[in-house]
Structure formats: structure tokens, C-alpha cells
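Each chain is listed here by its residues.
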Amino acid sequence: MHRRTLALVAANACLGAAVVVGVTTPADAAPQAAAVTQLTYDDSQAPQYAANTAAAVEVWNTDAPNVHIVKAARGQRANIRIVADPGWPHATLGPVRSNGSVQIWFGKQAVDEGFDKTRIIAHEMGHSLGLPDNRTGKCSDLMSGHSAPTSCTNAHPSPAERATVQRNYARFAASSDAQLTVVINDAA
Ligand SMILES: [Zn+2]
């Protein structure tokens, strides 16, 4: 069979090491329908937020079905690592792919100031999936973060935010993870 090889280059942000992965696809295959990108998360270092994290994962799996996030098996390297942190929440800016990894620091300071925990983690996952901050002050915008009042409990992305994540994961997962070095700090 006639085949072509697509080389993916992924840089590991932590080690600075470059990894080359060869993916062979049949050249005569029908045009690829949007493949669902499978991602794993590990919240073993933020167990006090496990219920909020599970709720936020459900939000994203429902609202942006081009990406599907599941809990990593014990000992498995996760694409999204969530760790509890005493400061303000912050996160690596994605979009992370199945061969990459990003981190979320679930900052207690925002919890102490009264922000909704599920909204916090859904917002930080938005960063993992490639959304920047957008401080509109609107509760309906997930990426407005702490510019919305603490009374805001909306953990769902707006239609525009959903569309962006859907686009980020719309194509056969052939993008590079080389850009996963930017950390978004959600401090005021
Ligand atoms: Zn943010």
C-alpha cells in the first residue's frame, strides 16, 4: 500500500528534550474526519478538589466533544497534571495534545477569596486546552476568570470559547506541542 509518513516534533517543556514521533497514515485513506483527542489528567496531588475537577472534566467533555478527558490510570503519565498550590491559580497554556503534558496549579488563594472551585478548575483547564484569559467581567465567559464576581458559579465555556477549543482539536492531532512553555498566572 502507498503510504506517507508524517513527522510530529514535540518538545518536552520540562526537560527541553525534543522527541520525534513518526506517524504513518495510508495515503489513499478517505479524508480524516475530526478525530477525538484523548487526554488524561492526574489530580492525585490535589485530592481536596477531586469532585470539582471531575465536574470540570465533565463540562469540557460535554461542551467540546473534539477532546475527551479521562482520569489517568495509577502510575500513567498524564497530559494534564493538577497540583494544589497555596497561591493564585495558574496553568500552562495549551492546547496540549495526547503526546504532551501541561500543569495546573489549583491555587488556594482564589478559593479563600470566595471564587467557585469548579469554575476555577474549568477555567484552568481552558488554559490547558489553549484558551487565553479574556477579562470581560462577564460570568458567561469562563475565561473572564476573577474579573467576574465571586458570586459567579458558571463553569461552562461561552459559545465562542467552545468554538475555539473545538477548532484547536478539530484536525487530526498533528500539531506540535513545542509551544507548551507559557504559564498563565491568574493572580489579580
Ligand atoms: Zn486564567
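Our subject is the structure listed above.
Figured I'd write up the structure that's included with this text.

The rules behind the values
Residues numbered from 1 in each chain as written. Predicted model: local features only at pLDDT ≥ 70, side-chain atom pairs only at ≥ 80, totals over all residues. Heavy atoms only, no water. Core = buried A, V, L, I, M, F, W, Y, C linked by side-chain atoms within 4.5 Å. Buried < 20%, exposed > 50% of the residue type's maximum accessible area, 1.4 Å probe, protein only. Helix = DSSP H or I, 4+ residues; strand = E, 2+ residues; numbered from the N terminus. Contact = heavy atoms within 4.5 Å. Pairing = 2+ DSSP bridges. Axes fitted to C-alpha atoms, helices over the stretch in contact; angles between N-to-C directions. Disulfide = S-S within 2.5 Å. Expected span 1.5 Å × (residues − 1). Polar contact = N/O pair within 3.5 Å; in protein donor to acceptor, adjacent residues only side chain to side chain. Parallel < 35°, antiparallel > 145°, perpendicular 65-115°, else oblique. Left-handed = near helix turned anticlockwise from the far one by under 90°.

**Points about the nonpolar core**
Right, on to step 1. Counting 31 residues, the largest nonpolar core has Leu39, Trp60, Val67, Ile80, Ile82, Met125 and Val165 as the members making the most contacts within it.
Right, on to step 2. Elements represented by at least two residues in this core include exactly β3 (37–45), α1 (50–63), β4 (67–71), β5 (80–85), β7 (102–107) and α3 (117–128).
Right, on to step 3. No other element matches the four residues that α3 contributes to this core.
Right, on to step 4. Dropping the residues within four chain positions of it, Val67 is found in contact with Val36, Thr37, Leu39, Asn61, Leu129, Val165 and Tyr169.

**Topic: the sheet that holds β3**
Right, on to step 1. Read from one edge of the open sheet, six strands run β4-β3-β5-β7-β6-β8, paired in mixed fashion. A single partner strand is all that each edge strand has here, and the edge strands are β4 and β8 (183–185). Mean inter-strand twist for the sheet, computed between neighbouring axes without regard to direction, equals 20 degrees.
Right, on to step 2. As paired strands, β3 and β4 are joined by five bridges and run parallel to one another. Looking at β4, one finds that Gln38 is bridged to His68.
Right, on to step 3. Sheet strands touched by α3: β5, β6 (90–92), β7 and β8. Its angle to β7, the strand with the most contacts, is close to 155 degrees.

**What about the pairing of β5?**
Right, on to step 1. For β3 and β5, the ladder comprises three bridges, and the chain directions are parallel. For Asp42, the partnering residue across the bridge sits in β5 and is Arg81.

**With respect to the state of the cysteines**
Structurally, a disulfide amounts to a covalent bond that connects the sulfur atoms of two cysteines.
Right, on to step 1. Scanning all chains against the criterion turns up one disulfide.
Right, on to step 2. Each sulfur of the disulfide joining Cys139 and Cys152 lies 2.0 Å from the other. Across the S-S bond of Cys139 and Cys152 the torsion is about 85 degrees, and the bridge reads as right-handed. Residue Cys139 is located in the loop between α3 and α4 (159–168), and its partner Cys152 is located in the loop between α3 and α4; the two are separated by 13 residues in the primary sequence.

**Topic: α3**
Right, on to step 1. For α3, spanning twelve residues, the distance from its first C-alpha to its last is 17 Å, which sits close to the expected 16 Å at 1.5 Å a residue.
Right, on to step 2. Where burial is concerned, most of α3 is hidden: eleven out of the twelve residues are buried.
Right, on to step 3. Those residues of α3 that sit buried are Thr118, Arg119, Ile120, Ile121, Ala122, His123, Glu124, Met125, Gly126, His127 and Ser128.
Right, on to step 4. Buried residues along α3 sit against α1, β5, β6, β7, α2 (108–112) and β8.
Right, on to step 5. Capping of α3 at its N-terminal end is provided by Asp116; its side-chain oxygen lies 3.3 Å from the backbone amide nitrogen of Thr118.
Right, on to step 6. A positive backbone phi angle near 105 degrees is found at Gly130, which sits one or two residues after α3.

**Side note on the pairing of β7**
Right, on to step 1. With five of its six residues buried, β7 lies for the most part within the structure.
Right, on to step 2. Note: β5 against β7, six bridges, orientation parallel. Considered in β7, the bridge of Ala84 is made with Phe106.

**Some remarks on the packing of α1 against α3**
Right, on to step 1. Where α1 contacts α3, the axes come no closer than 8 Å and their chain directions differ by 50 degrees. Classed by the angle they form, the pair α1 and α3 counts as oblique. As α1 runs across α3, the sense of the crossing is right-handed. Packed against α1, whose contacting residues are Asn52, Thr53, Ala55, Ala56, Val57 and Trp60, the element α3 presents Lys117, Thr118, Ile121, Ala122, Met125 and Gly126 at the interface.

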